[in-house]
Each structure stands twice: as C-alpha cells, then as structure tokens.
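# Descriptive analysis of the structure
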Amino acid sequence: MPLTALTGSRLRERRRSLGRRQADVAAAAGISASYLNLIEHNRRRVAGDVLIRLAAALDMDVGVLEAGAAAGLADSLRSAAAADTGGDRGATVAAELDRLEDFIGRFPGWAGVTAGLQARVGQLEQAVAALNDRIAHDPHLGLALHDMLSAVSSVRSTAAILAETDDLEPEWRLRFHGNLQADSERLALGAEALVAYLEGTEAEATSGVVSPQDELDGWLDRRGWHLAELEADPDADLTGEIAGLATAAGRDLARDWVAQARADRLALPLVGLEAALESFGPDPARIAAQAGADVLAVMRRIATRPGATEGLVICDAAGALTFRKPTEGFRPPRFGAACALWPLFGALARPGLPVEARLRFAGRGGRPFLARAWGQQSHPGGFAGVEVRQAGMLLLPLAGPARAEDLRAVGATCRICPETGCPARREASILSESIR
Amino acid sequence: MWPGGNGEGGGSLARHAMLIEDEPNIAEAIRFLLGRDGWQVTTLPDGVQAETAVRSARPDLLILDLMLPGRSGLEVLEALRADPETAALPVLMLTAKGQGRDRLAAQEAGADLFMAKPFSNAEFVAAARALVGA
C-alpha cells in the first residue's frame with residue numbers, strides 16, 4: 001500500500017537525519033529493532049499506536065507522517081513524468097516511476113515543488129491556449145477587420161476607376177465620388193473603433209498576468225504619478241490604498257515607493273522645488289546642489305510633481321528598470337531589457353557624472369527629448385557592505401521642431417524597435433524580419 | 001444608360017455575370033468594370049435566392065462573396081455544385097485576407113478561382129475573362 005510505503009521511508013529518513021540507531025528508536029517506541037527495520041523498508045504496514053509512539057520517539061508530527069495528501073502528490077508527479085516523456089524536450093533519462101514513493105518519502109519538499117511546477121505548467125499552457133484562441137478567433141476583431149477590408153477594397157476599385165477611366169460620364173463620376181467619401185468615412189470610424197477596442201483588450205489582457213512592477217506602475221498611473229497626500233502631510237497614511245493592490249509583492253513595491261516618496265518630499269518640499277525649477281530650469285544636478293539633496297531624489301520629485309510632463313526611468317546596477325514613468329512619445333518596455341543606447345546606461349557606468357543627450361525615439365511620431373541621466377552609488381552596509389548603484393534618466397520633452405541629425409535615435413527595446421543598422425542591436429525586431 | 005453595354009461585342013450576345021455581394025459600393029465598382037468590358041451584370045445583395053436566380057438567369061459566370069449576410073458564399077457554392085444543372089458554372093470567389101480556413105473550404109467545395117479583397121481592377125477583369133474562356 002502506497003501510504004504505508006511512504007511512511008516507512010519517511011521514518012527511516014528522519015531517524016538517519018537524527019543520527020540515531022534503529023535499536024534505540026525501536027526501544028523508545030516499544031517495538032523490536034527487526035520490526036522497525038521491516039517498517040522502515042516498507043515491508044510492514046504501520047499505523048495506530050505504533051505509529052504514534054514512533055513519531056514521538058523521532059519527534060515527528062503524526063499528521064505529516066500519515067500524509068493523506070501524498071496520494072494527490074503521487075498523481076501529480078506521475079502526470080509530470082508522463083508529460084515529460086513526449087516531444088524533444090523530454091528528459092534523456094526517464095523518471096523512475098517505480099521509486100516514486102521513495103522519492104516522495106525522502107524528499108517531500110522537492111516532490112511538492114515538482115508537483116507544484118506541473119500544476120503551474122498546466123495552468124500556463126491553458127492560459128497560452130486561451131490567449132492564442134482569442135487572437136485567432138476574436139469575433140469582434142475579425143468582423144471589424146473584415147469590415148475595414150471591405151471598405152478598403154471598395155476605395156481601391158473606385159479610386160482606380162476614377163483615376164484610370166478617361167471618358168467617365170459625369171453621373172458616374174459623381175456617384176463614385178460619393179461612394180469614395182462614404183467609404184473613407186467608414187474607414188475612419190472603423191479604424192478609430194479598432195484602436196479603442198485593442199487598447200481595451202490590452203488593459204484587460206494585462207490585468208490577468210501582471211508583474212508586481214506592472215501593478216505599481218498601474219497604481220501610480222491611476223494617481224497621475226503623484227501622491228498628493230504626502231505634500232499636505234508627509235506622515236499621511238497610505239496603507240489603506242496600498243492594501244487595494246492585488247499581490248503581496250506589488251504591495252511591497254508600493255510601500256517602498258511611498259517610503260521613498262516621503263523621504264524625497266521631506267528633502268525637497270514642493271514650493272522649493274517649483275522655485276528651483278523656475279530659476280534653474282529642469283536641471284536635477286543644480287537643484288540637488290542647491291537643496292543639498294541627491295540627484296535621483298530631485299529627478300523623482302520633478303517627474304512626479306503634479307502635472308509633470310517629464311518621463312523618468314530608474315535602473316539598478318544590473319540595468320533592470322525599477323521605476324518606469326512613461327510620457328507622451330516615450331513608453332519604457334514592460335518586458336526585457338531596455339535600449340542599450342539610452343544615456344541612462346552611460347550614467348550607470350560612470351556614477352557622479354552628468355550625462356545629457358538629445359534623443360528621438362525610433363518609429364512613428366518620434367518626439368524629440370532632452371535626456372538627463374545620472375548614476376550614483378551608496379553603501380548602506382558601510383565599508384564592509386556591498387555597493388548599491390542606481391541611475392536615473394529624466395526625459396524632458398523638447399519644445400518645437402528639432403533637426404533629425406541633432407538627435408540620437410534610440411528605441412524602447414530591440415524587439416519593437418524599427419531602427420535599422422543599429423550597432424548595439426541585441427536581437428531582431430518583431431516589426432520586420434529584415435530588421436537586424 | 002449602362003456604360004459599354006450592348007453592341008460592343010460585335011453583335012454577339014454579351015457575356016453575363018451574376019454578382020452576389022453585400023457591399024453596395026464594391027458591387028457598383030464591379031458592375032462598372034465588367035460593364036466597360038462588355039459584360040452584362042446582374043447583382044444580388046445576399047445569397048438567399050442565389051440558386052433560383054442562377055437557374056432562371058443562366059449566367060456565364062458567378063462572382064460570389066465568401067462572407068455574405070444570412071447565407072454564406074460557401075453554402076451557396078455547395079448548393080450550386082450539388083445541382084447537376086449548375087454544377088459546372090464557373091465561380092469566382094471573393095475573399096478577404098485572413099479567411100484562410102474558409103477559403104480552403106471553398107476550394108474543396110469547388111470554387112474555380114479566388115480573388116482577395118482588395119483586388120486590382122485589371123486583375124479582376126482578367127480573371128473574369130479567363131473563367132469564361134474569353
């Protein structure tokens with residue numbers, strides 16, 4: 001019987017980890033050493049009084065030993081083993097199904113992890129299938145696209161008739177002009193509706209699978225990236241609102257951010273910040289020098305003051321973005337690493353040295369920005385501790401047209417960057433197979 | 001007056017195309033194009049009466065939109081192919097991009113040629129001619 005087998009292995013494992021001899025434990029439990037030996041090798045069932053006494057002798061919880069849940073665990077592991085044999089990703093050595101009970105008995109933790117992973121794989125496969133299905137069979141999307149294609153066909157044929165027929169009768173000309181106008185209106189409306197729909201589904205799709213970072217971004221975005229409560233009262237309590245975030249990891253990030261914002265607020269009160277911006281412009285280094293604050297704090301304050309139009313990204317020493325405030329014309333990547341050409345990374349490599357560049361984000365409607373980046377390091381653990389390095393990049397929208405040759409072309413991230421011939425490209429763009 | 005209609009075929013009867021298309025502006029453009037090319041064109045806005053209309057009008061060519069309201073082009077095609085009287089009628093199927101599976105089904109149901117929207121006018125007229133051997 002599986003459960004008994006399991007119990008024997010567990011008893012043996014426990015005894016050996018305590019470094020105790022069979023004879024001692026058997027004596028403590030009031031049974032013979034040879035009987036214990038049989039139990040430990042799963043050749044005798046163990047239950048009732050004997051089990052309780054053995055558990056007591058080994059300082060174990062009887063409930064854990066009985067392990068009723070282990071049957072489900074064994075099933076999960078069997079299905080994991082079955083799933084792994086198919087396809088080219090299969091393990092080269094087959095799972096030892098005949099030793100399954102032994103595995104669960106000896107490594108209950110690892111067995112649980114494996115079973116948990118198997119369950120998670122199943123969920124993810126389902127989610128992928130559902131998303132796939134949705135893209136392929138979305139009825140609304142299909143209809144909307146069909147409608148637009150119809151309008152486009154009509155426009156194309158009608159326009160060609162108008163352009164290519166020299167002797168077109170006036171009444172036909174009028175009719176076709178009328179059709180063209182009606183179709184172009186239909187196209188405009190259709191395109192608008194489609195964009196609205198896709199934006200809607202994007203929000204919906206992301207709500208299902210969000211990272212804690214996305215959760216923080218979403219929360220701050222809904223608040224306009226500004227925590228007004230802290231301006232009025234730096235000790236304002238935001239716990240209630242943070243509690244509304246979905247995951248514990250997201251709430252942790254939000255708590256950290258609020259603590260940071262509180263410190264920033266105390267170092268740089270809004271009135272002083274506005275006055276400094278008035279006299280120096282958005283120069284974080286100058287304002288920091290004047291206020292005796294650190295440059296990153298000034299960047300955060302500038303980008304999160306009420307009505308700020310500046311974008312801000314902050315990264316850690318590994319280049320991972322820890323703060324992402326988008327602005328019109330700049331959308332930091334949600335997944336994967338950012339564009340290697342961002343001045344942010346220049347500043348990260350040379351802490352304490354201001355880096356400034358005029359940028360244009362590749363792609364349509366690339367708006368010009370003045371980027372100001374700054375890296376800094378701290379040693380919260382003192383001389384014996386580790387160095388914590390951070391860099392921030394403030395993106396100031398440039399007013400008025402700028403000449404393209406004065407701007408450095410950068411992207412968000414390689415996957416969605418249309419820039420061709422970039423020497424720093426890390427992977428091909430999904431926008432076109434030819435972009436390398 | 002129907003442009004390029006009767007008479008340009010040099011006395012012979014004009015080729016007759018029946019068009020089943022629910023988009024009035026596309027139907028109008030096709031009527032004009034084929035009319036200029038010397039065809040007589042009748043149009044239906046949906047596939048409900050298709051077989052009856054085909055049997056009574058006996059067109060030389062049927063131009064059938066795949067996605068029609070009420071009754072799909074595929075159903076119409078299957079019904080026509082099942083009837084010995086209309087089984088050999090050349091059928092030009094209008095599809096939209098992205099209807100890969102429907103198109104495959106129509107091919108199996110016996111469509112003679114496919115034209116994906118949006119199409120070029122010249123190619124469309126050439127396809128219509130090719131199907132009736134003109």
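As the structure is a prediction and not an experimental result, all values here were calculated from the model. (Residues numbered from 1 in each chain as written. Chains lettered and ligands numbered in written order. Predicted model: local features only at pLDDT ≥ 70, side-chain atom pairs only at ≥ 80, totals over all residues.)

A few words on the interface of chain B and chain A. In this complex, chain B contributes 16 residues to the contact, which on the side of chain A involves 17 residues. Examining the composition of the side of chain B that touches chain A, we find that six residues originate from one element, helix H1 (residues 24-36) of chain B, more than from any other. For the side of chain B that touches chain A, the class distribution of residues is nine nonpolar, three polar and four charged. (Contact = placed C-beta atoms within 7 Å. Helix = DSSP H or I, 4+ residues; strand = E, 2+ residues; numbered from the N terminus. Nonpolar A, V, L, I, M, F, W, Y, C, P; charged D, E, K, R; others polar.)

The subject of this paragraph is the sheet that holds strand E3 (residues 61-65) of chain B. Residues and elements named next belong to chain B. Taken in spatial order, the five strands make up an open sheet running E2-E1-E3-E4-E5, and their pairing is parallel. Every other strand in the sheet has two partners, leaving strand E2 (39-44) and strand E5 (113-117) as the edge strands with one partner each. Neighbouring strand axes in the sheet, compared pairwise and without regard to direction, differ in orientation by 20° on average. In this sheet, strand E4 (residues 91-96) lies alongside E3 in parallel orientation, the contact comprising four bridges. (Pairing = 2+ DSSP bridges. Axes fitted to C-alpha atoms, helices over the stretch in contact; angles between N-to-C directions.)

Residue and element names in this part refer to chain A. For the pair helix H16 (residues 284-291) and helix H17 (residues 295-304), the least separation of the axes is 8 Å and the interaxial angle reads 115°. Our classification of the angle between H16 and H17 gives roughly perpendicular. The interaxial crossing formed by H16 with H17 has right-handed handedness. Here Pro284, Ala285, Ile287 and Ala288 of H16 lie close against H17, whose contacting residues are Val295, Val298, Met299 and Ile302. (Parallel < 35°, antiparallel > 145°, perpendicular 65-115°, else oblique. Left-handed = near helix turned anticlockwise from the far one by under 90°.)

With that settled, the discussion passes to unusual backbone geometry. Backbone geometry follows two general trends: most residues other than glycine have a negative phi, and most peptide bonds adopt the trans configuration. The residue after B:Lys117, namely B:Pro118, is reached through a cis peptide bond having omega -5°. By secondary structure assignment, the location of B:Pro118 is in the loop between E5 and helix H5 (121-132). Here the phi dihedral of A:Trp225 falls at roughly 65°; this positive angle occurs in a residue that is not glycine. Relative to the helices and strands, A:Trp225 resides in the loop between helix H11 (212-222) and helix H12 (228-232). Look at B:Arg58: it is not a glycine, yet its phi comes out positive at around 50°. The residue B:Arg58 is located in the loop between helix H2 (50-57) and E3 in this model. Taking the number of C-beta atoms within 10 Å as the measure of exposure, B:Arg58 has 12 and is therefore exposed. (Buried ≥ 20, exposed ≤ 12 C-beta atoms within 10 Å, placed from the backbone.)

Residues and elements named next belong to chain A. Pairing is mixed in the open sheet, where six strands are placed in the order E2-E1-E5-E4-E3-E6. Of all strands in the sheet, those with a lone pairing partner are strand E2 (321-325) and strand E6 (408-410), marking the two edges. Averaged over all pairs of adjacent strands, the angle between their axes in this sheet comes to 30°, without regard to strand direction. Sheet analysis places strand E3 (residues 355-361) next to strand E4 (residues 368-378), joined by six bridges and oriented antiparallel. Within the sheet, the bridge partner assigned to Glu356 lies in E4 and is Arg372. Of the strands in this sheet, strand E1 (311-316), E2, E4 and strand E5 (388-397) are in contact with H17, which crosses E5 at around 35°.

All names here are of chain A. Along helix H2 (residues 22-29), the residues that are buried comprise Val25, Ala26 and Ala29. What you see down the axis of H2 is that its buried residues fit within an arc of 100°, all on one side. Positive phi appears at Gly30, one or two residues downstream of H2, with a value of about 75°. (Arc of directions from axis to C-beta.)

Residues spaced three or four apart along an α-helix point in a common direction, a consequence of the helix completing one turn every 3.6 residues. All buried positions along helix H3 (residues 73-82) of chain B are accounted for by B:Gly73, B:Leu74, B:Val76, B:Leu77 and B:Leu80. One side of H3(B) carries all its buried residues, which in axial view fall inside an arc of 160°.

A few words now on the nonpolar core. Within soluble globular proteins, side chains that are nonpolar generally end up buried alongside one another. With 44 residues, the main nonpolar core has A:Val298, A:Met299, A:Leu344 and A:Met393 as its most contacted residues. Put simply, the parts of the chain that give this core at least two residues each are helix H15 (270-280), H16, H17, E1, helix H18 (343-349), E3, E4 and E5 of chain A. Looking at which element gives the most residues to this core, the answer is H17(A), with seven residues. B:Leu19, B:Val54, B:Ile63 and B:Leu94 belong to the second-largest nonpolar core, a separate cluster that totals 41 residues. (Core = buried A, V, L, I, M, F, W, Y, C linked by C-beta atoms within 7 Å.)

A few words on the confidence of the model for chain A. Residue and element names in this part refer to chain A. Predicted confidence across chain A gives a mean pLDDT of 83, with 86% of residues reaching 70 or more. The secondary structure element of chain A with the lowest average pLDDT is helix H5 (residues 62-66), at 67, and the one with the highest is H18, at 97. Below a pLDDT of 50 lies the segment residues 204-208, which in the model reaches one contact outside its immediate sequence neighbourhood of four places, other chains included. A low-confidence stretch, residues 432-436 (pLDDT under 50), is modelled with seven contacts involving residues beyond four sequence positions or located in other chains. (pLDDT = per-residue confidence, 0-100.)

We now examine the pairing of E1(A). All names here are of chain A. With five of six residues buried, E1 lies mostly within the body of the structure. Where E1 meets E5, six bridges bridge the pair, whose relative direction is antiparallel. In the sheet register, Cys315 faces E5, and the bridge partner there is Ala391. Here E1 pairs with E2 via four bridges, running antiparallel.

Moving on to the packing of H2(A) against helix H4 (residues 48-57) of chain A. Residue and element names in this part refer to chain A. One way to put it is that H2 packs onto H4 with a least axis distance of 8 Å and a crossing angle of 125°. Classified by the angle between their axes, H2 and H4 sit oblique to one another. As for the relative orientation of H2 and H4, their crossing is right-handed in sense. Two secondary-structure elements touch here, H2 through Val25, Ala28 and Ala29 and H4 through Val50, Arg53, Leu54 and Ala57. Classifying every residue of the contact of H2 with H4 gives six nonpolar, no polar and one charged.

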